Amino acid sequence: MTQRMKEIADQIVGLQAELDREIERRRRALGWTLSEKIGEFEMGVAVRHRRLRLDLVKFFGRTSLAVALTAPVIYSLIIPLVIVDVWVSAYQAICFRAYGIPRVRRRDYIALDRDRLGYLNVIERLNCTFCGYANGVIAYVREVASRTEQYWCPIKHAVKVTDPHRRYYEFLEFGDAEGYRARLNDFRARLRDDTPPAAPH
């Protein structure tokens, strides 16, 4: 990684921190805080939310035929998602332990908290729970895969990759054979310490 690439990566990290601060300001403006990883609303806000809940008769009255027909297809994804969730959890429990790689904490990726929103009816809560689980499993699997990639093949692709994982930017350049042979053990050691790989000087 060149010095300029490192500077850009540092700017991205800085912008993410700034975005997080802005999101926190918006949360306070909406009247809620995060306590023990649970979103809590002020009493007046919670009452207003319950008033905005759409009862099931109105909800189903507004549901299009396309939504009703495709809902079973969407929810059928729960089967492969659960299988992948269980399989990847078993994979990292066995392989990461064998390689000395810190395991990914599943709970850091799967957030199921939207069911506490008073303005959602039971169907909307179910939808939100499904989406939270689905996207959480995918993020969890991605982190497990990124640690696996850093251990076995920390090399960038020749082609542009859309939205690569956070570890990818530090990987070796495509075609850097000497760097691969010289630094593979460094990538593995840093992974065991759970620190991102350092750019070469």
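Before reading on, note that the structure itself is shown above.
Being a predicted model, the structure only gives us computed values, none of them experimental. (Residues numbered from 1 in each chain as written. Predicted model: local features only at pLDDT ≥ 70, side-chain atom pairs only at ≥ 80, totals over all residues. Heavy atoms only, no water.)

**With respect to the pattern of salt bridges**
Enumeration over the complete set of coordinates arrives at ten salt bridges. Between R167 and E143 there is a salt bridge, with its nearest N and O atoms 2.8 Å apart. Residue R167 is found in the loop between helix 6 (122–152) and helix 7 (177–192), and its partner E143 is found in helix 6; the two are separated by 24 residues along the sequence. By the burial criterion, R167 is buried, and E143 matches it. A salt bridge links K156 to E173; the shortest N-O distance between them is 2.8 Å. In this pair, K156 is assigned in the loop between helix 6 and helix 7 and E173 in the loop between helix 6 and helix 7, connecting sequence segments 17 residues apart. A cluster of three or more residues bridged by salt bridges with shared partners is formed by E143, R147, R166 and R167. (Salt bridge = Lys/Arg side-chain N within 4 Å of Asp/Glu carboxyl O. Helix = DSSP H or I, 4+ residues; strand = E, 2+ residues; numbered from the N terminus. Buried < 20%, exposed > 50% of the residue type's maximum accessible area, 1.4 Å probe, protein only.)

**Focus on empty space enclosed by the protein**
Summed over the entire model, instances satisfying the criterion amount to one cavity of 30 Å³ or more. Each pocket or cavity is described by its volume, and for the largest cavity that value is around 40 Å³. Residue lining of the largest cavity: A111, L112, D113, R114, D115, C128, T129 and G132, and that is the complete set. Tallied by class, residues from the lining of the largest cavity come to three nonpolar, two polar and three charged. (1 Å grid on protein atoms, 1.4 Å probe; cavity = no way out; pocket = protein on both sides within 12 Å on 5 of 7 lines; lining within 4 Å. Points joined across faces, edges and corners; volume = space filled by probe spheres on them. Nonpolar A, V, L, I, M, F, W, Y, C, P; charged D, E, K, R; others polar.)

**Brief notes about the nonpolar core**
Core analysis: the largest hydrophobic core is formed by eight residues, namely V88, F96, I101, V104, Y140, V144, Y151 and L191. Elements represented by at least two residues in this core include exactly helix 5 (78–99) and helix 6. The element contributing the most residues to this core is helix 6, with three residues. If near-sequence neighbours (up to four positions away) are discounted, V144 is found in contact with V88, Y91, Q92, F96 and V104. (Core = buried A, V, L, I, M, F, W, Y, C linked by side-chain atoms within 4.5 Å. Contact = heavy atoms within 4.5 Å.)

**Some remarks on the side chain of Q92**
Examined against the element boundaries, Q92 turns out to sit in helix 5. Within the local environment of Q92, its side chain forms a polar contact with the side chain of Y140, the two groups lying 3.2 Å apart. With near-sequence residues (within four places) excluded, Q92 lies in contact with R97, R103, V104, Y140 and V144. (Polar contact = N/O pair within 3.5 Å; in protein donor to acceptor, adjacent residues only side chain to side chain.)

**Here we look at unusual backbone geometry**
A positive phi angle is found at D163, which is not glycine, with a value near 50°. Relative to the helices and strands, D163 resides in the loop between helix 6 and helix 7. According to the relative accessible area criterion, D163 is exposed, its value standing at 56%.

**With respect to the packing of aromatic side chains**
Throughout the structure, instances matching the rule amount to seven aromatic pairs. For the ring pair Y151 and W152, a centre distance of 5.1 Å and an interplane angle of 75° mean the geometry is edge-to-face. The partly exposed category is assigned to W152, whose relative accessible area is 42%. Their ring planes at 75° and their centres at 6.3 Å tell us that F171 and F187 sit as a pair that is edge-to-face. (Phe/Tyr/Trp six-rings, centres within 6.5 Å; stacked < 30°, edge-to-face > 60°.)

**Quick look at the packing of helix 5 against helix 6**
At a minimum axis separation of 10 Å, helix 5 and helix 6 run at an interaxial angle of 30°. With respect to helix 6, the element helix 5 is oriented roughly parallel. The handedness of the crossing between helix 5 and helix 6 is left-handed. Taken together, the residues of helix 6 that come into contact with helix 5 (itself represented by I78, L81, V82, V84, D85, V88, S89, Y91, Q92, F96 and Y99) are F130, Y133, A134, V137, Y140, V141, V144, R147, T148, Y151 and W152. (Axes fitted to C-alpha atoms, helices over the stretch in contact; angles between N-to-C directions. Parallel < 35°, antiparallel > 145°, perpendicular 65-115°, else oblique. Left-handed = near helix turned anticlockwise from the far one by under 90°.)

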